[in-house]
Amino acid sequence: MVEPGDLAALEAFEGLPPLEIWDRLQHNASGLERWSTRLATADPHRDLERAAAAGARFVIPGDDEWPAEVEVLDEAGQLTRRAGVPFGLWIRGRANLRHALTRAVAIVGARACSSYGEHVSAELSSGLADNGLTVVSGGAYGIDAAAHRGALAAAGTTIAVLACGVDVSYPKRNSALLSRIAEDGLVVTELPPGCAPTKLRFLARNRLIAAITQGTVVIEAAVRSGALNTAGWAEQCGRPVLAVPGPITSRMSAGSHLLVRERNAVLATNVADIIEAISPFGTNLTQPPRVAPTLTDTLDPDLQRTLDAVPVHNPAPTDRIASTAGLDVPTTQQCLQTLAALTLITQTPTGWRLPTPPPPSP
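Below, the structure is looked at part by part. Starting afresh in each chain, residues are numbered from 1 along the sequence in its written order. This being a predicted model, a pLDDT of at least 70 is required before a residue's local features are given, and a value of 80 or more before pairs of side-chain atoms are given or counted; all residues contribute to the totals for chains, interfaces and linings. Only hydrogens and water are set aside; all other atoms, that is, all heavy atoms of the structure, feed into the side-chain values.

## With respect to the sheet that holds strand β7 (residues 158-161)
When DSSP locates at least two bridges between a pair of strands, those strands are taken to pair. Every helix listed is a DSSP run of H or I at least four residues long, and every strand listed is a run of E at least two residues long, numbered separately from the N terminus. The strand order across the open sheet built from 9 strands is β1-β4-β8-β7-β6-β5-β9-β10-β11, with neighbouring strands paired in mixed fashion. In the strand order of this sheet, the two ends are held by β1 (56-59) and β11 (266-267), each with one partner. The sheet contact formed by strand β6 (residues 134-137) and β7 spans 3 bridges and is parallel. If you follow Ser-137 over to β7, its bridge partner there is Ala-160. Residue contacts are counted whenever heavy atoms from the two residues lie within 4.5 Å of one another. Every axis corresponds to a line fitted to the C-alpha atoms, with the helix fit spanning only the stretch in contact, and the corresponding angles, defined between N-to-C directions, vary from 0 to 180 degrees. Packing of helix α7 (residues 175-184) onto the sheet brings it into contact with β4 (89-92), β7 and β8 (186-189), and relative to β8 it is tilted by some 105°. On top of the sheet, helix α9 (residues 226-236) reaches β5 (104-109), β9 (216-219) and β10 (241-244); it is set at about 155° to β9, its chief contact.

What follows is the structure in structure tokens.
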């Protein structure tokens, strides 16, 4: 009867239990006329039968499987005319939704993604699954599908949150993927069986993805996109938002870069960045990348200056190397002997040079 996240319904039904709402709708109570057009086709028993036939169930607040995370929507405000906690959730799959969301990350992005975006989505999702995190996405083409596949490839748990009925395969070409997700993870939606997707339903769906996860990662998104809508919901729910950088020449990376530049998103380049962002403050901290020091990094300044002055090909005598290095000859001679002992240079009958590199392996 009521569209997911309907602001007018939230105001009209505030404080009323579902059974009383249903009774008022059936009797076409004053002020509820806008929803009466669906009364003739509303059949809760048929919905439950269709769900059962699809191997799905209906979960409501108070049930053991109900995820407490979704309650954050009660205070998250509104975005794009959507708001509020769902009245219930239709779920297909054997996993327990509440348990699956104990540690969960949303991976979202463009449908028309590049090969780079698809690769990054699959790699990050696989890595998150390897670390025991559930990957949540929207079951769409592009970044979403790659995220689900990456988690499944790592034998992890993934959840597809749909903008249609739990028995509707949308998009059609993802039917096999959605079936696989239902077998090894979960398919979740607010909408009863048989419902088709609409633009507003996608916007309502985005609030669920953001609310039930501990953080949202955006991989490739245009400046105006559903992925940025999901990021907006994550912000309003107080969840971390992360963005993966992309080529500055790509329109699909503009939204991700915008999140970092103007909306304080965390720059994510690997799984460790994501885990740090969603973990309690001060835990799972990442270390900046470091390169192991080489032998030449440990040389004192005189040795370094001498080494820099030794030619690559044509050997040079000590006095010429001293002149190039800006050192006196005795100091240079001593440095050359030390460098030779370290096998960093080679002495020839005509002077000093760098060692000949070994031939490439066949």
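## Considerations on the packing of helix α12 (residues 301-309) against helix α13 (residues 318-325)
Look at α12 against α13: their axes get within 8 Å of each other, and the N-to-C directions meet at 115°. Considered as vectors, α12 and α13 are oriented roughly perpendicular to each other. Regarding α12 and α13, the two cross each other, and that crossing is right-handed. Note on element contacts: α13 touches α12 through Ile-321, Thr-324 and Ala-325, opposite Arg-305, Thr-306 and Ala-309. Throughout, the ten residues Ala, Val, Leu, Ile, Met, Phe, Trp, Tyr, Cys and Pro are labelled nonpolar, Asp, Glu, Lys and Arg are labelled charged, and all others, Gly among them, are labelled polar. For the contact of α12 with α13, the residue count by class is 3 nonpolar, 2 polar and 1 charged. In this scheme, roughly parallel covers angles under 35 degrees and roughly antiparallel covers those over 145, while 65 to 115 is roughly perpendicular and the rest are oblique. Less than a right angle of anticlockwise turn of the near helix away from the far helix marks a crossing as left-handed, whereas a clockwise turn marks it as right-handed.

## Observations regarding the environment of Asn-96
Structurally, Asn-96 is set in the loop between β4 and α4 (97-100). In this structure the C-alpha to C-alpha distance between Asn-96 and Leu-186, which are 90 residues apart in sequence, comes to 8.4 Å. If near-sequence neighbours (up to four positions away) are discounted, Asn-96 is found in contact with Asp-64, Glu-65 and Leu-186. From its side chain, Asn-96 meets the backbone nitrogen of Arg-98 in a polar contact 3.0 Å long. Between N or O atoms, a polar contact is any pair within 3.5 Å; within protein, one atom must be a potential hydrogen donor and the other a potential acceptor, and residues adjacent in sequence are included only when both atoms are from side chains. Polar contacts involving the side chain of Asn-96 include one to the main-chain amide nitrogen of His-99, which spans 3.0 Å.

## Examining unusual backbone geometry
A cis amide bond links Tyr-170 to the next residue, Pro-171, at an omega of 0°. Along the chain, the position of Pro-171 falls in the loop between β7 and α7. Non-glycine residue Arg-81 carries a positive phi angle of around 65°. Along the chain, the position of Arg-81 falls in the loop between β2 (78-79) and β3 (82-83). Working definition: with a 1.4 Å probe on protein chains only, accessible area under 20% of the residue-type maximum means buried, over 50% means exposed, and in between means partly exposed. Accessibility expressed as a relative area gives 56% for Arg-81, which makes it exposed. Positive phi values are uncommon outside glycine, yet Thr-343 reaches one of about 60°. For Thr-343, the location among the structural elements is in the loop between α14 (329-341) and β12 (346-348).

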